[in-house]
Amino acid sequence: MTLTWFITGASSGLGLALAKTALAKGDKVIGTSRESSRLAEIVSQGAIPLTFNSSDSPQVINSIISDVFKKHGPIDVVVNNAGYGEIGIFEEIDYPTIENQYQVNVFAPIKVLQGFLPYLRSQKSGLIINVGSVAAFGSDPISGIYGSTKAAIKKLSASIDSEVKEFGIRVIVVEPGPFRTPIVKNYSEQGVFKDRSTIKDYDESRKMVDMFFSHINQASGDPNRFGKALVKLAHREEEFKESIPCVLALGEYTYERKNGVFADELEEMKKYKNVTFSTDNPDM
Ligand SMILES: NC(=O)c1ccc[n+]([C@@H]2O[C@H](COP(=O)([O-])OP(=O)(O)OC[C@H]3O[C@@H](n4cnc5c(N)ncnc54)[C@H](OP(=O)(O)O)[C@@H]3O)[C@@H](O)[C@H]2O)c1
């Protein structure tokens, strides 16, 4: 069966690899970028380019989606992939920067979800894949802003999935660990991290930011394998024949990290069980 994909941020990294894998499978791909010339590589392989800016208003995005359905509908798989990671010490990141991170990583996917769902409900099918991150877990420093956007996407996905399952639609989240993509180079070029004020008290913690940047090129995740896993999932092959997960961890790092974080949380919850129960009304 041939699927039609709508992939945001298909110009680079995970989105690019996914688009290429889907095209190689014989699927149809509509790939987005803020600058359509960046989509040349997938266009040469048969993709349909679409200029799409996550900061556009819901009205603009709805009208783009309406055009997509008129020209290419029905759409089988929507991937909310476009995004970047605002890494740094919370106190040192100014408010407009935080707002932009939420705009791109949370509000844009919300606009895409609200734009697509009416069409998917009327076609009574569809799979929406939101790209989360391992950064949504745990208490690591320097990832509070980025990680919180991905935690928001995870919660949203799970709740919306429960609301739309009965219409033949699934909304799931995939959680990559570190993958070897140009993400750091790309957002450095956009001017992120430039002119950031520094607070001396955080000099030691800030070293983690440099460590993060120096390690990303040796990240364990392979974008092509990310593409293969998602294409397999969308085509309901092998492990996905019977069912697909609400949340799919990608990469051994994510698997181990989630295991550790969940175990610690459970242990802590149990440790304070008496206090937890003590806040209920005694007549309960
Ligand atoms: N790489 C990792 O280690 C990793 C791990 C976990 C999660 N993720 C998530 O995976 C997704 C893809 O990341 P990647 O590693 O593939 O990064 P990438 O190579 O930098 O690609 C990011 C894509 O998102 C789009 N994008 C970037 N900033 C944008 C903005 N301000 N507004 C709209 N679109 C923007 C870009 O499109 P244009 O610039 O062409 O518009 C580009 O196609 C992101 O959501 C990221 O948070 C990545």
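Residues numbered from 1 in each chain as written. Predicted model: local features only at pLDDT ≥ 70, side-chain atom pairs only at ≥ 80, totals over all residues.

Taken directly from UniProt, the Sequence similarities (unreviewed entry) text for the chain runs: "Belongs to the short-chain dehydrogenases/reductases (SDR) family." (UniProt positions renumbered as here; feature names shortened; annotations may be inferred.)

### Looking at the overall build of the chain
The helix and strand inventory of the chain stands at 10 helices and 7 strands. Relative to its length of 284 residues, the chain is compact, with a C-alpha radius of gyration of 20 Å against a globular reference of 19 Å. Scored against the burial criterion, the 284 residues of the chain give a buried share of 37%. Taking the contacts inside the chain whose residues are at least 6 apart along the sequence as the reference set, 73% of them involve residues at least 24 apart. (Helix = DSSP H or I, 4+ residues; strand = E, 2+ residues; numbered from the N terminus. Rg over C-alpha atoms; globule rule 2.2 N^0.38 Å. Buried ≥ 20, exposed ≤ 12 C-beta atoms within 10 Å, placed from the backbone. Contact = placed C-beta atoms within 7 Å.)

### Regarding unusual backbone geometry
In this model, Gly 73 is joined to Pro 74 through a cis peptide bond whose omega is -10 degrees. One non-glycine residue, Arg 236, adopts positive backbone phi at about 55 degrees. With respect to the helices and strands, the residue Arg 236 is situated in the loop between α8 (223-234) and β7 (247-250). Its 14 C-beta neighbours within 10 Å are what place Arg 236 among the partly exposed residues. Here the phi dihedral of Glu 238 falls at roughly 45 degrees; this positive angle occurs in a residue that is not glycine.

### A few points about α8
Look at α8: 17 Å from first C-alpha to last across 12 residues, which is about the 16 Å you get at 1.5 Å a residue. Each element contacted by the buried residues of α8 is listed here: α1 (13-24), β4 (77-80), β5 (126-131), β6 (169-176) and β7. Arg 236 sits one or two residues past α8 and shows a positive phi near 55 degrees. (Expected span 1.5 Å × (residues − 1).)

### Here we look at the site of the ligand
Around the ligand there are 27 residues in total, and Gly 9, Gly 13, Ser 33, Gly 83 and Thr 181 lie nearest to it. Listing elements by their share of the shell around the ligand, those giving two or more residues are α1 and α6 (183-189). Its residues assigned to classes, the shell around the ligand shows 11 nonpolar, 13 polar and 3 charged. (Near = placed C-beta within 6 Å. Nonpolar A, V, L, I, M, F, W, Y, C, P; charged D, E, K, R; others polar.)

### Brief notes about helix α9 (residues 252-271)
An α-helical segment advances 3.6 residues per turn. Residues three or four places apart therefore align on the same side. Between its terminal C-alpha atoms α9 stretches 29 Å, which fits the 28 Å expected from 20 residues at 1.5 Å a residue. The element α9 is largely exposed, with a buried count of 1 among its 20 residues.

### Section: the UniProt feature "signal peptide" (unreviewed entry) in the chain
UniProt feature "signal peptide" (unreviewed entry): in the numbering of this structure it lies at residues 1-19. From the first C-alpha to the last, residues 1-19 spans 17 Å; its make-up is 37% helix and 21% strand.

### Comments concerning the sheet that holds strand β3 (residues 48-51)
In a beta sheet, neighbouring strands are held together by backbone hydrogen bonds and run either parallel or antiparallel to one another. Spatially, the 7 strands line up as an open sheet ordered β3-β2-β1-β4-β5-β6-β7, and their pairing is parallel. With partners counted over all chains shown, the strands left at the sheet margins are β3 and β7, one partner each. On average, each strand axis in the sheet is tilted by 20 degrees relative to the strand beside it, whichever way the strands run. The pairing of β6 with β7 spans 4 bridges and is classified as parallel. Along β7, the bridge assignment pairs Val 174 with Leu 248. Where α9 meets the sheet, its contacts fall on β6 and β7, and the angle it forms with β7 comes to roughly 120 degrees. (Pairing = 2+ DSSP bridges. Axes fitted to C-alpha atoms, helices over the stretch in contact; angles between N-to-C directions.)

### Some details on the pairing of strand β1 (residues 4-7)
Examined bridge by bridge, β1 and strand β2 (residues 28-33) share 4 bridges and lie parallel to one another. In the sheet register, Trp 5 faces β2, and the bridge partner there is Val 29. The parallel pair β1 and β2, bridged by α1, forms a crossover whose chirality is right-handed. (Right-handed = clockwise from strand over helix to strand, strands pointing away.)

### Overview of the nonpolar core
Residues Leu 18, Ala 19, Val 29 and Val 79 are the most contacted members of the largest nonpolar core, which totals 49 residues. If we ignore the near neighbours within four places in the chain, the residues touching Val 79 are Trp 5, Phe 6, Ile 7, Thr 8, Leu 18, Ile 129 and Val 131. Ranked by size, the runner-up nonpolar core spans 10 residues in total, among them Phe 137, Ile 142, Ile 145 and Tyr 146. (Core = buried A, V, L, I, M, F, W, Y, C linked by C-beta atoms within 7 Å.)

### Notes on the packing of helix α3 (residues 58-72) against helix α4 (residues 95-123)
The description of two packed helices rests on the angle between their axes and on the distance between the axes. Taken N-terminus to C-terminus, the directions of α3 and α4 make an angle of 40 degrees; their axes are 9 Å apart at the nearest point. Overall, the two elements α3 and α4 adopt an arrangement that is oblique. In the packing of α3 onto α4, the handedness of the crossing is right-handed. On the side of α3, the interface is formed by Pro 58, Ile 61, Asn 62, Ile 65 and Phe 69, while α4 contributes Lys 111, Val 112, Gln 114, Gly 115, Phe 116 and Tyr 119. Taken together, the residues of the contact of α3 with α4 break down into 7 nonpolar, 3 polar and 1 charged. (Parallel < 35°, antiparallel > 145°, perpendicular 65-115°, else oblique. Left-handed = near helix turned anticlockwise from the far one by under 90°.)

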